[in-house]
Each structure stands twice: as C-alpha cells, then as structure tokens.
Amino acid sequence: MSNNEFLDLGYQPLANKYLSKREKWKRTNEETYRLKVGFNNQTKLVSLYKKIPVKKMFNDTYPYKSSMSKTMLNSFLSLSKKIKKRFNPKMTLEIGSNDGPLIRNFKKNEIICVEPCSNLAKITKKMGYITFNNYWNYDLSKKIKKQFNKIDLIYSANTLTHIENLKDVFKSIDNLLSKHGVLIIEDPSLLECIKKVSYDQFYNEHIYIFSSISLNNLLEKFNLEFFDIEQLTTHGGSLRFYIKRKSNKKIKIKASVSKQLTKEKKFGLNKLSTYLRFKDKVINSKKKLILIINKIKKTNKKIVGYGATAKATTILNYCNLSNKDIAHFVDTTPDKVGKFMPGKNIKILKYNKKLVNNADYLFLGAWNFKNEIFLKEKNFIKNGGKFITHVPFPRII
Ligand code: JHZ
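Bear in mind that the values here come from a model prediction, so they are computed numbers and not experimental data.

A. Spotlight on the packing of helix H5 (residues 138-148) against helix H6 (residues 166-176). H6 packs onto H5 with a crossing angle of 10 degrees between their chain directions and a minimal axis gap of 8 Å. Comparing the axis directions of H5 and H6 gives the class roughly parallel. Contacts between H5 and H6 involve Tyr138, Ser141, Lys142, Ile144 and Lys145 on the former and, on the latter, Asp168, Lys171, Ser172, Asn175 and Leu176. Looking at the contact of H5 with H6 residue by residue, the class counts come to 3 nonpolar, 3 polar and 4 charged.

B. Summary view of the domain arrangement of the protein. For the protein, the assigned domains read domain 1 (3-39 + 273-396) and domain 2 (45-269). Summarising the inter-unit geometry, the C-alpha centres of domain 1 and domain 2 are found 27 Å apart. With 44 residues of domain 1 in contact, the opposing surface of domain 2 contributes 36 residues. Between domain 1 and domain 2, a total of about 3500 Å² is buried, with carbon and sulfur atoms accounting for 62% of that surface. Run the count over domain 1 and domain 2 and you get 2 salt bridges. The closest approach of N and O atoms between Glu31 and Lys56, which form a salt bridge, is 3.2 Å. On the surface where domain 1 and domain 2 come into contact, there are 16 residue pairs in polar contact (both at pLDDT 80 or more). When grouped by side-chain class, the residues that make up the side of domain 1 that touches domain 2 number 23 nonpolar, 11 polar and 10 charged.

C. Structural context of the sheet that holds strand S9 (residues 208-209). If you trace the 4 strands from one edge of the open sheet to the other, you get S1-S2-S3-S9, paired in antiparallel fashion. Strand pairing shows two members of the sheet lacking a second neighbour, strand S1 (3-13) and S9, which therefore form its edges. Where strand S3 (residues 46-48) lies against S9, 2 bridges are found, and the strand directions are antiparallel. Across the sheet, Ser47 pairs through a bridge with Tyr208, a residue of S9. Across the sheet, helix H10 (residues 272-298) touches S1, strand S2 (32-40) and S3, and the angle it forms with S1 is around 30 degrees.

D. How the structure looks around the state of the cysteines. All told, the structure shown has 0 disulfides when counted by the stated rule. With no disulfide of its own, Cys319 lies closest to Cys193 among cysteine sulfurs, the gap being 15 Å. According to the relative accessible area criterion, Cys319 is buried, its value standing at 3%.

E. Representation of the site of the ligand. Around the ligand there are 25 residues in total, and Tyr64, Glu205, Lys311, Lys336 and Lys376 lie nearest to it. The separation between an oxygen atom of the ligand and a polar side-chain atom of Lys336 is 2.7 Å. Residue Lys376 places a side-chain N or O atom 2.7 Å away from an oxygen atom belonging to the ligand. Burial of the ligand by the protein chains amounts to 97% of its free accessible area of 740 Å². Listed by contribution, the elements that provide at least two residues to the shell around the ligand are helix H11 (310-318) and helix H13 (370-376). A per-class count over the shell around the ligand returns 8 nonpolar, 11 polar and 6 charged. Each of domain 1 (3-39 + 273-396) and domain 2 (45-269) accounts for three or more of the residues forming the shell around the ligand.

F. Expanded view of unusual backbone geometry. With an omega dihedral of -5 degrees, the bond running from Val391 to Pro392 counts as a cis peptide bond. As for its placement among the helices and strands, Pro392 is situated in the loop between strand S16 (386-389) and strand S17 (395-396). Backbone geometry at Asn88 places phi at a positive 40 degrees, although glycine is not the residue there. Position of Asn88 among the secondary structure elements: in the loop between helix H3 (70-86) and strand S4 (92-95). Unlike most non-glycine residues, Val197 shows phi in positive territory, near 45 degrees. A residue is classified by how much of its surface remains accessible, and Val197, at 7% relative accessible area, is buried.

G. Summary view of helix H9 (residues 255-267). If you check H9, its first and last C-alpha atoms are 18 Å apart, about what 13 residues at 1.5 Å a residue would give, namely 18 Å. When we look at burial in H9, the residues that qualify are Ser256, Val257, Gln260, Leu261 and Glu264. Taken down its axis, H9 places every buried residue within 130 degrees of arc, on the same side. Structural note: H9 exposes Ala255, Lys259 and Lys266 on the side pointing more than 90 degrees away from its buried face.

H. Quick peek at the sheet that holds strand S15 (residues 361-364). Here 6 strands make up an open sheet; going across it, the order is S14-S13-S12-S15-S16-S17 and the pairing mixed. Looking at strand neighbours, the two that pair on one side only are strand S14 (347-350) and S17, the edges of this open sheet. Here strand S13 (residues 328-331) pairs with S14 via 4 bridges, running parallel. Its bridge partner lying in S14, Asp331 is registered against Lys350.

Criteria and thresholds
Residues numbered from 1 in each chain as written. Predicted model: local features only at pLDDT ≥ 70, side-chain atom pairs only at ≥ 80, totals over all residues. Heavy atoms only, no water. Axes fitted to C-alpha atoms, helices over the stretch in contact; angles between N-to-C directions. Helix = DSSP H or I, 4+ residues; strand = E, 2+ residues; numbered from the N terminus. Parallel < 35°, antiparallel > 145°, perpendicular 65-115°, else oblique. Contact = heavy atoms within 4.5 Å. Nonpolar A, V, L, I, M, F, W, Y, C, P; charged D, E, K, R; others polar. Domains from an automatic or database assignment. Buried area = accessible area lost by both parts, 1.4 Å probe. Salt bridge = Lys/Arg side-chain N within 4 Å of Asp/Glu carboxyl O. Polar contact = N/O pair within 3.5 Å; in protein donor to acceptor, adjacent residues only side chain to side chain. Pairing = 2+ DSSP bridges. Disulfide = S-S within 2.5 Å. Buried < 20%, exposed > 50% of the residue type's maximum accessible area, 1.4 Å probe, protein only. Near = heavy atom within 4 Å. Areas by Shrake-Rupley, 256 points an atom, 1.4 Å probe, with all protein chains shown as cover. Expected span 1.5 Å × (residues − 1). Arc of directions from axis to C-beta.

Listed below in structure tokens is the structure:
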C-alpha cells in the first residue's frame, strides 16, 4: 500500500455545519466521520481517508465568507494589482470566488466567477459579475470555453484542495487555459502546518494539504510547471504557486521554485517518518491545551472562543472541549451567529467589544488572524486580558 495513515483525529462533525438550536437538540442525528490523515509514498500527497460528498459540504447554506477579515481583503487587493501589472490578462477566471473579495478589484467584463455555493454565488451575481453557480469540473470548463473561449489567467485560493478528483481539476484547467496562460493557486502550506503543529488544518473540507513536492508531481501529468512560488502569511502560512505550460518558454522559472522544493525535501516532507513525528507532537499539543484550560477553570476565570473557525471544530472535538471549558464563541459572520459549534454545545454570539472585554481569556479559534485580532483588541490586552493559542504550541499570551 502506498498510502500510510499517520494521524487519527477521532470522530468529527462537518466543520462548517453550525447547528441551530433546534438541530442541536436533535444532536443524535449530527453526522460524524472518522478524521484520519495519510501520506502517499508515491505521489507524496497528504490527504484525508474519508471523503464527504460535495453537496453535503458546499451547498446553499455555506456560512464561510472570505471577506470577513481585513487581512484577507488586503491580500486579495494586493494580488489583484500584481496580476494586472505582471500578466495584464484580458480575461481572468476565479474558481471558488466565495463572496467576491478578489473579483471586486476587477472590472465586470474582465473576470468570471465559479462558485458552487448558491448563497455566495448570489452575492457576486448581484454585484454584476458573470457567475457560474457550479462545481468545478470538465463539463463546466467546456461550457465556459464555448462561451468565452480560452482564459488567460485562472486563479484559485483555498478551493482546489477541497475537490476530491484532482485529475479532473487539472484536466478542466488544461482545457480552458490559453497557450500562454497563467494558473495561480493559493493554499495553506503543508510545511507550515507541520512546523506549527496546526493539526486543525485537517477537517472534512481540506481533503488535501499541498506541499510544493506533491503539487509538482501532479502538474507533471498535465505538462504544467511552477515558475514562481511565493510564501504568504495568510491562513497560518500559505503558498502561492504560479504555474504555466511547459511549452511556454516566454516565462522564465524563478529561483523561488527550486528553493521551496529543496526546503521541503530538507525538512522531510517526502518521508513518512516526518509525519509520524508530527503525530506525536499533535498528541502532546492536545495534552498541553487541556492542561492549560483545566488550570484556568480551577481559578473560575472565563474563557471565550474568538473566531468560530472550521479549524476550531477539529480542536474542540479532538480535545473534547465543551461549554464547561469555553463559555461561548464570538464571531462576525452573520450565518454563524446564534448557532452552535459543530459537535459541541458551545454557542456562537455576535461579536461585540463588551463580550470580549467580559472574558478573562480568549481562545484564538482564528489564530491565523492573530495580528489583526491583537490590534482590534488593544483594550482587552491593556486591561490584562490574555489569549490562549495552540499554535505553534499551547500557551497563554
Ligand atoms: P478562517 C475556512 O476555514 C473554510 P476557517 C475553508 N475550508 C478554508 O479553506 C479556509 O476558510 C480558507 C471570524 N473573525 O478564515 C470570521 C472574527 O470573528 O480562519 C471567520 O468566521 N473576527 C473555505 O473557518 C473566522 O473568524 C475577526 O476579527 O478555519 C475566520 O475563519 C476576524 C479576523 C475573523 O477560516
């Protein structure tokens, strides 16, 4: 067997399935799955064992909106400027446009959105952008090609790793991308995830976590190759891959490509032993986090969760934390407010300063936005409030 299991995070609910009060009482019906992660010795790909049907994950009630943080809005704005300056594409296509934080920086006749969640697709349609409310697949690529011909630039952030059939993903891209076209993919970096012991990046939607090594192996099959790789701080450390056709000799390959590949090999991302060491660190991380929380509980201090993230679902369910540990979460996302954390009886309240300032400790569900949150919560910090995080190791800040 080329696939080797290295991590078992137990039974988990669907990470973005926040339950209403009514659903909570029927919790016995809440769907769970066994979250096991494996490493493929041949392809070097890290993936989940159990794949949930897409319609259960991405439908008309998908709550996550990428425009909820200033950090992401700024990141998409600066990328849009870069795309225009560096590639000047006539037509761009975004796979997984969510509520439109990237496309809003383009003119309406310059970009096409693809978004399977109809509640989100409605938003970009309403903004006046061409939107295909579909899953990304070969049939869709044929449909778009018929209507718009080939596309100069295809961009996708935090989406392709959510699609089980990667062969179909790249076949569809290959079908639509022009001869000298550019593909840009952005996703959490496996290297950062392993280094930071951020095991919460594993949940049902993240079927794969890419390393540049595994993605490189996949691209080979489609005669595609990297020509630049950027390291980003977003989502706890992401990689932005710039990809072209091998036949396109006009674009030179930057040194950043071999640098990233070498760095990952040196770290051991191509070896199972690295992942087995990671597993031990995850087990330790769980023990330490529980210890910290139990210690705080003994002093009768109040812990509030900050950012009801999909990642937090993995933490709460793996560490078995309930509303006896974390009183409630605060979040700015309208579709999460008033609901309960998946698998747990912890309510999500609408973010306001008072709720934050009434807490003694804030558990950073959205640890990836630590800088933005620390800036926003200056007063909480000034008044002696403390944060709890588990990244890169459980501690009080
Ligand atoms: P955030 C989602 O994961 C799901 P999550 C998905 N699978 C994926 O890949 C990544 O995104 C990209 C809130 N917040 O981005 C907003 C505040 O309340 O870490 C969000 O609910 N106040 C598509 O859920 C959450 O935190 C704030 O000041 O792990 C952040 O979610 C800020 C900054 C955020 O993604």
